[in-house]
Amino acid sequence: MNTSIQTVPFTDIEAKQLVQNQRHFFNQNNTKSVDFRLEQLRKLKTLLLEHEDAMHDAIFKDFGKSKYENQLTEFFPLIDEINVAIKNLKKWIKPKNVATNILNFPAKSYLVPEPLGVSLVIGAWNFPYNLTLTPLVGSMAAGNTTILKPSELAQHTSAIMTKILNENFDSNYIHVIEGGIPETTALLNQRYDKIFFTGSPMVGKIVNKAAAEHLTNVTLELGGKNPAIFTKDAALKMSVKRMIWAKFVNSGQFCITTDYALVHKDIKDDFLKYAVEEIKKNNFSRDNHNYVQIINERNFDRVVNLIDPDKVFYGGNYNKNERYIEPTILHNVNLDDAVMQEEIFGPVLPIITYESLDEAFDIIKHFEKPLAAYLFSDSSAIKDRFLNEISFGSGAINDCVMQISNPNLPFGGVGHSGMGRYHGKYSFECFSHFKAILDKPTAIETNLKYYGYNEKKLKLVKLLS
Ligand code: NAD
């Protein structure tokens, strides 16, 4: 019995039909040949390039994101992801040989990648193109059909993705369903072969329950409170420069940005001085379209409520009509403050000072495992401790967020911040199953496994195992 999902009769029927049609299309082997996959990936790339201007306009309407920033953080990485898939697909799709143990000799052993079937991709709004279409690239490369559900909070980007995909692809292969909770609920009531979800841990649990109902393979790309540690020996000016850009790009609405900074008490004053200098240099301002808006009023109110006026070191101003929150630094923060009770997902940076590394690590361990963590330090011993003792999805040493821009590094969380990983070849793997095959010739056979068991045979099996 399905307990977690409410039914929505009309869209439920539509969703069921859509999934059935895609499953039929998949079962006819339409999506499996490498030629088909490459042709469709090239088509997707062409369509995106043709609609580039319209895509920039849509995201500007949604939350005032400039063309430059959209190209840098969404469009180019997405095109790059398609290029990587096109370039490598023939290699990825090949069976991967593994060694055969002596007991099975002579034989070949290999892994054969196969598509999972019908995929459902549910996206988040903060990088709406990337978070919806990058998983699509993986799903297509792996040979699946795909149903996409972009976030309803970024309505113009949701509409343009729907237009591009639904007008140009067979709905039995790729189809976008727009909408919020009712539509997602109707979709989640169906059985898929893969669900790929990006969003909050809270909704991640709903998705995971729905997937469990059908034992569907699921990837959850979630969030958390990401720490950035600044040690006494950090190259402070450069470290702060890198972290500040990463914190306030997209107005802090970035799942892997620094949520809070742990700063050694001896460098706090310099840290704050450099941080303010960097904020001013970046000129994060609505006037020059160099700073995006908060996505909606609900999130605006939520983030503003996390700013304790008594703890503002810099910023703290906001404008509700513009959904603008000034880059804000809070100092003298402790774990009881409101800002430390939830993922901030906005342009507010709390600073917590520490004296010993143990203390800093204890603070990180006080929270669920984060999606990302950053260490700014030149000490090899501290780097080793950081990598050894702290669990997180992905991270960087002496940088912030840039690990996401390397397609050779997988992207994903751990524990509460998610399960599964993607990007580049990891996206192909994420949407594939690798069949494990033992392939034997028939000319030769040993009789060890056959009846007529005796001590001599057993000794030989032991020797060969
Ligand atoms: P969200 O969980 O509110 O929404 C994500 C998707 O789930 C949307 O498409 C939405 O329509 C759908 N949804 C919302 N409520 C639902 C419900 N009750 N039932 C079914 N579907 C529902 O997340 P968001 O506000 O879009 O994004 C912010 C969160 O996502 C943050 O926690 C952030 O860290 C995380 N995030 C993670 C990544 C990542 O790659 N790991 C990327 C971006 C955002």
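Residues numbered from 1 in each chain as written. Predicted model: local features only at pLDDT ≥ 70, side-chain atom pairs only at ≥ 80, totals over all residues. Heavy atoms only, no water.

> Just checking my understanding: could you explain the overall build of the chain for this structure?
Helix and strand counts for the chain come out as 15 helices and 18 strands. For a compact globule of 465 residues, the expected C-alpha radius of gyration is about 23 Å, and the chain comes in at 25 Å, within 12% of that figure. On the principal axes, the C-alpha backbone points of the chain span a range of 80 × 55 × 45 Å. Evaluated residue by residue, the chain yields a buried proportion of 54% over its 465 residues. Within the chain, contacts between residues at least 6 apart in sequence are counted, and of these 71% link residues at least 24 apart. As displayed, the chain has an accessible area near 21,400 Å², and 52% of this comes from carbon and sulfur atoms. (Helix = DSSP H or I, 4+ residues; strand = E, 2+ residues; numbered from the N terminus. Rg over C-alpha atoms; globule rule 2.2 N^0.38 Å. Buried < 20%, exposed > 50% of the residue type's maximum accessible area, 1.4 Å probe, protein only. Contact = heavy atoms within 4.5 Å. Areas by Shrake-Rupley, 256 points an atom, 1.4 Å probe, with all protein chains shown as cover.)

> Could you clarify how one ought to interpret the packing of helix H3 (residues 52–63) against helix H5 (residues 128–142) in this entry?
Think of two packed helices as two axes; the pair is described by the angle between the axes and how far apart they sit. The geometry of H3 relative to H5 is characterised by a closest axis approach of 11 Å and an angle of 130° between their N-to-C directions. On the basis of their axis angle, the class for H3 and H5 is oblique. Contacts between H3 and H5 involve Met55, Ala58, Ile59 and Phe63 from the first element and Pro128, Tyr129 and Leu133 from the second. The residue inventory of the contact of H3 with H5, partitioned by class, reads seven nonpolar, no polar and no charged. (Axes fitted to C-alpha atoms, helices over the stretch in contact; angles between N-to-C directions. Parallel < 35°, antiparallel > 145°, perpendicular 65-115°, else oblique. Nonpolar A, V, L, I, M, F, W, Y, C, P; charged D, E, K, R; others polar.)

> What am I meant to see in the sheet that holds strand E4 (residues 145–149) here?
Across a sheet, strands are paired by hydrogen bonds formed along the backbone, either parallel or antiparallel in direction. The six strands are arranged E5-E4-E3-E6-E7-E17 in an open sheet whose pairing can be described as mixed. The sheet is open, and its two edges are formed by strand E5 (174–176) and strand E17 (418–419), each paired on a single side. Pairing of strand E6 (residues 194–198) with strand E7 (residues 217–221), which is carried by five bridges, proceeds in the parallel orientation. Bridge pairing links Lys194 to Asn217 in E7. The sheet strands contacting helix H7 (residues 181–188) are strand E3 (118–122), E4 and E6, and the helix crosses E3 at an angle near 155°. Its contacts with the sheet put helix H8 (residues 201–213) on E3, E6, E7 and E17, and the angle it makes with E7 is roughly 175°. (Pairing = 2+ DSSP bridges.)

> What should I look at first to understand the sheet that holds strand E16 (residues 394–397) in this one?
Taken in spatial order, the seven strands of this open sheet run E10-E13-E14-E9-E8-E15-E16, and their pairing is mixed. Because the sheet does not close on itself, it has two edges, and the strands there are strand E10 (312–314) and E16. Mean inter-strand twist for the sheet, computed between neighbouring axes without regard to direction, equals 25°. As defined by bridge partners, E10 adjoins strand E13 (residues 328–330) across two bridges and the pair is classed as antiparallel. Bridging across to E13, Tyr314 finds its partner in Ile329. Along the sheet, helix H13 (residues 380–389) makes contact with strand E8 (227–230), strand E15 (372–376) and E16, crossing E15 at roughly 170°.

> Help me understand the site of the ligand, please; the structure alone is not making it clear to me.
Around the ligand, the surrounding shell holds 26 residues, and the nearest of these are Gly123, Glu152, Ser200, Leu222 and Glu343. Measuring from an oxygen atom of the ligand, one finds a backbone N or O atom of Gly123 at 2.8 Å. A distance of 2.6 Å separates an oxygen atom of the ligand from a polar side-chain atom of Glu152. Protein contact buries 90% of the 840 Å² of open area that the ligand shows by itself. Sorting the residues of the shell around the ligand by element identifies H7, E6 and H8 as the ones contributing at least two each. For the shell around the ligand, the element with the highest residue contribution is H8, accounting for three residues. Class assignment for the residues of the shell around the ligand results in 14 nonpolar, eight polar and four charged. Counting residues domain by domain, the shell around the ligand receives three or more from each of domain 1 (12–222 + 416–436) and domain 2 (227–409). (Near = heavy atom within 4 Å. Polar contact = N/O pair within 3.5 Å; in protein donor to acceptor, adjacent residues only side chain to side chain. Domains from an automatic or database assignment.)

> Any chance you could explain the side chain of Lys65 here in plain terms?
In this structure, Lys65 sits in the loop between H3 and helix H4 (67–92). The buried charged residue Lys65 lacks any salt bridge partner; its closest oppositely charged side chain belongs to Glu74, at an N-O distance of 4.0 Å. One polar contact links Lys65 to Thr73, side chain to side chain, over a distance of 3.1 Å. Beyond its immediate chain neighbours, meaning those up to four positions away, Lys65 contacts Ile59, Phe60, Asn70, Thr73, Glu74, Asn126, Phe127, Asn250 and Val292. (Lys, Arg positive; Asp, Glu negative; His and termini not counted. Salt bridge = Lys/Arg side-chain N within 4 Å of Asp/Glu carboxyl O.)

> Is there a simple way to explain the packing of aromatic side chains in this structure?
Ring pairs (aromatic) are described by centroid distance and by the angle formed between their planes. Taken as a whole, this structure holds 20 aromatic pairs when the rule is applied. Centre to centre, the rings of Phe63 and Trp125 are 6.0 Å apart; their planes meet at 85°, and the pair counts as edge-to-face. Of this pair, Phe63 sits in helix H3 while Trp125 sits in the loop between E3 and H5, and the two are 62 residues apart along the sequence. A relative accessible area of 0% means that Phe63 is categorised as buried. Its relative accessible area of 10% is what places Trp125 among the buried residues. (Phe/Tyr/Trp six-rings, centres within 6.5 Å; stacked < 30°, edge-to-face > 60°.)

> What is the right way to read the nonpolar core from this model?
For soluble globular proteins, the rule of thumb is that nonpolar side chains tend to be buried together. By size, the foremost hydrophobic cluster in this structure holds 87 residues, and its most contacted members are Leu48, Phe230 and Phe271. The element best represented in this core is H4, accounting for nine residues. Each of domain 1 (12–222 + 416–436) and domain 2 (227–409) contributes no fewer than three residues to this core. Setting aside residues up to four positions removed in sequence, Leu48 forms contacts with Met55, Phe75, Leu78, Ile79, Ile82, Leu133 and Ile164. (Core = buried A, V, L, I, M, F, W, Y, C linked by side-chain atoms within 4.5 Å.)

> What is the right way to look at the domain arrangement of the chain in this model?
The parts lose accessible area when they come together, and the size of an interface is often stated as this lost area. When the domains of the chain are assigned, the result is domain 1 (12–222 + 416–436) and domain 2 (227–409). Computed from C-alpha atoms alone, the centre-to-centre distance between domain 1 and domain 2 is 30 Å. Taken as a group, Phe63, Glu69 and Trp125 account for 26% of the area that domain 1 buries against domain 2, more than any other trio of residues on that side. Seen at the junction of domain 1 and domain 2, the total is zero salt bridges. Taken together, domain 1 and domain 2 are joined by nine residue pairs in polar contact (both at pLDDT 80 or more). Going through the elements one at a time, H3 and H4 are the ones with two or more residues in the side of domain 1 that touches domain 2. Broken down by element, the side of domain 1 that touches domain 2 gets its largest block of residues, five residues, from H4. (Buried area = accessible area lost by both parts, 1.4 Å probe.)

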